[in-house]
Amino acid sequence: LNVHAMIRYMFPAHIIEQARGVDFKWREEPQQYFRKNFGSTKLYKKEMEEEMARLGKLKVLDGPLAAIPKIISPAGMLRTVKDCGRVKLRLIVDQTMSGLNDQIRDKSTTYGTLASLIPEINELRRQGKKLKAASLDCSDFYFHFTLKSKLKGLFGIADDGEFFAYETLLFGSAGAPK
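Residues numbered from 1 in each chain as written. Predicted model: local features only at pLDDT ≥ 70, side-chain atom pairs only at ≥ 80, totals over all residues. Heavy atoms only, no water.

Mapped onto the elements, Arg 86 comes out in the loop between β4 (75-81) and β5 (87-93). Sequence-distant contacts of Arg 86, defined by excluding residues within four places in its chain, comprise Thr 80 and Val 81. (Helix = DSSP H or I, 4+ residues; strand = E, 2+ residues; numbered from the N terminus. Contact = heavy atoms within 4.5 Å.)

Structural data, given as structure tokens:
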């Protein structure tokens, strides 16, 4: 998300703040946790490595890391078959086992939606302002929300003794957009 463009086009402040980094309010400090991956990561080893490399290129997943993240949640490969018969594998992280999701105080975090911007867009149009539009590929939607740096050590995964941490909000987080 381009914060400067959002400011220029007068996006609401709460949406601009989210683009600067997602933060969570905690009931209490999350405890250290480590759990190995699900068996599907071994079953689909090649696919997992490809997906981790792809996420690394997107600057979504950082690693291998020198320091072990505080929370290592188990990762797995989810296999889905599309109507056309194409098999799709997706890397998932189970944060429920670590208790991380349970520690998020506000699970109803609201993220800006296009619908929430309609009043602002209509007002700008009423004022005669010219608007530009853009499209967003939602296949990696959650990865558009960067995490505040203090949170990155809470979203770790392990693979063959190497440790990685998400730089962005990942699918399955209780604080993810709903």
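Mapped onto the secondary structure, Gln 31 falls in the loop between α2 (13-19) and β1 (33-34). Among the residues examined, Gln 31 registers a relative accessible area of 54% and is labelled exposed. Sequence-wise, Gln 31 and Ser 98 are 67 residues apart; in three dimensions their C-alpha atoms are separated by 8.4 Å. With residues up to four places along the chain from it excluded, the contact list for Gln 31 reads Lys 70 and Ile 71. Only 3.3 Å separates the side chain of Gln 31 from the backbone oxygen of Glu 29, close enough to count as a polar contact. (Buried < 20%, exposed > 50% of the residue type's maximum accessible area, 1.4 Å probe, protein only. Polar contact = N/O pair within 3.5 Å; in protein donor to acceptor, adjacent residues only side chain to side chain.)

Take the pairing of strand β7 (residues 162-166) next. A large share of β7 lies buried, amounting to four of its five residues. In the sheet, strand β6 (residues 156-159) pairs with β7 via four bridges, with the strands oriented antiparallel. Looking across to β7, one finds that Ala 158 is bridged to Phe 163. (Pairing = 2+ DSSP bridges.)

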